[in-house]
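Summary of structural features
Next come the chains, spelled out residue by residue.
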Amino acid sequence: MGTLWYGGKVRTLCNEDDLQEAVFVEEGHIVSVGTLADLKLKHRGTISEEINLHGAVMYPGFVDSHLHMIGHGEKLLKLDVSGVTSITRLTAILKKAVKDIPPGHWLVAEGFNENLYDQQLVPDKYVLDKVSLQHPIIISRVCRHASVINTYALQIAGITKHTQEPSGGIIVRDEQGVPTGYLHDQAQELVKKYLPEEGVAYVKKALSSAVNDLLKKGYTGGHSEDLNYYGDAEATLNVFYNVIDGRHCKFRANLLIHHEVASGILAKYHQADHKFVELGAVKIFADGALGGRTALLSKPYADDPSTYGVSIHTKSRLKELVEEARAFRSPVAIHVIGDQALEMAIEAIEAHPPEAGQRDRLIHLQVTREDLIARLQKLSVVLDIQPRFVASDFPWVEKRLGSERLNDSFAWKTLIDKGLMCAGGSDAPIEPIDPMLGIHAAVMRRKPEEKHDGYNPQEKLSLYEALTLFTTGSAKAIGKEHIQGKIAKGHIADFTILTEDLFELSPDDWLDVKVAKTVVNNTIMYELNKKS
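In this text the structure is predicted, and so the values were computed from the model without any measurement.

**Structural notes on the sheet that holds strand 23 (residues 515–520)**
One open sheet holds the six strands; their spatial order is 3-2-7-22-23-24, and the pairing between them is mixed. In this open sheet, the two strands that pair with only one neighbour each are strand 3 (19–20) and strand 24 (523–527).

Here it is in structure tokens:
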């Protein structure tokens, strides 16, 4: 016995124009797609449930190919300053927040972005000390590859002018060599180890908040990296198993495994341990981010010729980490933003290719080169891109890279036209989670409120191409395009149902479209205007 979905449009995404009337599902899988009359005739006697879409539009379930689910939940729970547009406003918010915190306790905030401030001033210790000298303060940068701390926090961490920089990190200093409180990449770990540990109950609350929000936004799944940041990695994995229990909560989570905890996880847990939570590739960071000038470039930064960025690992160590992942018969997922980091990752994969049938993934690829694209075409890789970065990073990113290098940057259309497999994600909480913002950025290459032709408009994607990033592209990233990413016979019954047809609207109107239903395994997990 099965379910007949009808009464609206069905955008199968099997191709750009395929539009159907009805879908019949049995045991969580699609059995037939076609006209309502044909499906009623074909499955008469086996239809046990009929669900009317009431004019809504069904798409394959949207999947975010790269995010940090617990981090997104934290953003929902913690003090979020990512939308603050001035130092004055930031200081006022922090002063208000610190009033409710006892002296000696930490003030933790998320997401400062100096590119939104006048003169692009980083809120380092000189700013934060004006907020409080009785509380240690830490604020992560929006990219999470840097943080700022006040003098109290520097003292707790024992960071002085004599402190040596850790490998893969930078301690920003003034002209006298005194730390300013601005820490990049691995240097953040010097202070993070002194933050109060968050217990399992907190992690569970953050994950539950994230899953509920993802379902509300229309996501049926996400590929997330969380297992090395909240204490014991096994405990965090078990929180995923408990929250996404397959009964009260259905959501398809593919979990990247940070290389530092991979051996313990992969030796004990297996893909088949849970129906909705599966283990993914081994995650490795090759570099940082453009905002803090820690993305590793092959030529110096245009606005700071003294630096090429930061290499988290040496070339030889990166190759060793890939080789270690292969010992567990695992693909790798490597964070690469700069072109030199990308070259290092390519060399490591070339030296230690994945098993037949497996695909590695390279995450972000904001700065590429033509010679590297040619090498990528020979590898079994999926490129995990975040379209929303275009809206967030332009126009300031041109100062970092210079106009000449910009043509090979954020070049999503070029990558797709070269036949490379691409998946789409948000990198939440770094960027907003809403898939409509990511789709809009891929097509328009600007913020919704802006009125211009887009940054590097030759790299614009079509709506169909943008949608496939979050459907078939995400499925390819985990080798499941044969059962996920389309509304077709044999595919799983995961659907994102929108109130309107995106193909019939102007791009700026997409942001007003609502999620009518989010369906996972033929189960409605979210429904618009339905009281919980």
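**A few points about the side chain of Arg-141**
Assignment of secondary structure puts Arg-141 in strand 11 (residues 137–141). Residue classification places Arg-141 among the buried residues on the basis of a relative accessible area of 2%. A distance of 3.0 Å separates a polar atom in the side chain of Arg-141 from a polar atom in the side chain of Glu-114. Beyond its immediate sequence surroundings of up to four residues, Arg-141 is in contact with Gly-111, Phe-112, Asn-113, Glu-114, Asn-115, Ala-146, Ser-147, Tyr-182, Gly-291 and Gly-292.

**Let's talk about the pairing of strand 16 (residues 252–258)**
Burial within strand 16 is extensive, with seven of its seven residues counted as buried. Going residue by residue along strand 16, you find Arg-252, Asn-254, Leu-256 and His-258 tucked away on one face and Ala-253, Leu-255 and Ile-257 tucked away on the opposite face as well. For strand 15 (residues 219–225) and strand 16, the ladder comprises five bridges, and the chain directions are parallel. The partner of Gly-221 across the bridge, within strand 16, is Arg-252. Crossover strand 15 to strand 16 through helix 8 (residues 233–243) is right-handed. Where strand 16 meets strand 17 (residues 277–285), five bridges bridge the pair, whose relative direction is parallel.

**Digging into helix 10 (residues 315–327)**
The terminal C-alpha atoms of helix 10, which comprises 13 residues, lie 19 Å apart, in line with the 18 Å expected from a rise of 1.5 Å per residue. Turning to helix 10, its buried residues number three or more, namely Leu-318, Leu-321, Val-322, Ala-325 and Arg-326. For helix 10, the buried positions fall inside an angular range of 145 degrees around the axis, keeping them on one side. For helix 10, the secondary structure elements touched by its buried residues are helix 9 (259–268), strand 17, strand 18 (332–336), helix 11 (339–351) and strand 19 (360–364).

Scoring rules and cut-offs
- Residues numbered from 1 in each chain as written.
- Predicted model: local features only at pLDDT ≥ 70, side-chain atom pairs only at ≥ 80, totals over all residues.
- Heavy atoms only, no water.
- Pairing = 2+ DSSP bridges.
- Helix = DSSP H or I, 4+ residues; strand = E, 2+ residues; numbered from the N terminus.
- Buried < 20%, exposed > 50% of the residue type's maximum accessible area, 1.4 Å probe, protein only.
- Polar contact = N/O pair within 3.5 Å; in protein donor to acceptor, adjacent residues only side chain to side chain.
- Contact = heavy atoms within 4.5 Å.
- Right-handed = clockwise from strand over helix to strand, strands pointing away.
- Expected span 1.5 Å × (residues − 1).
- Arc of directions from axis to C-beta.

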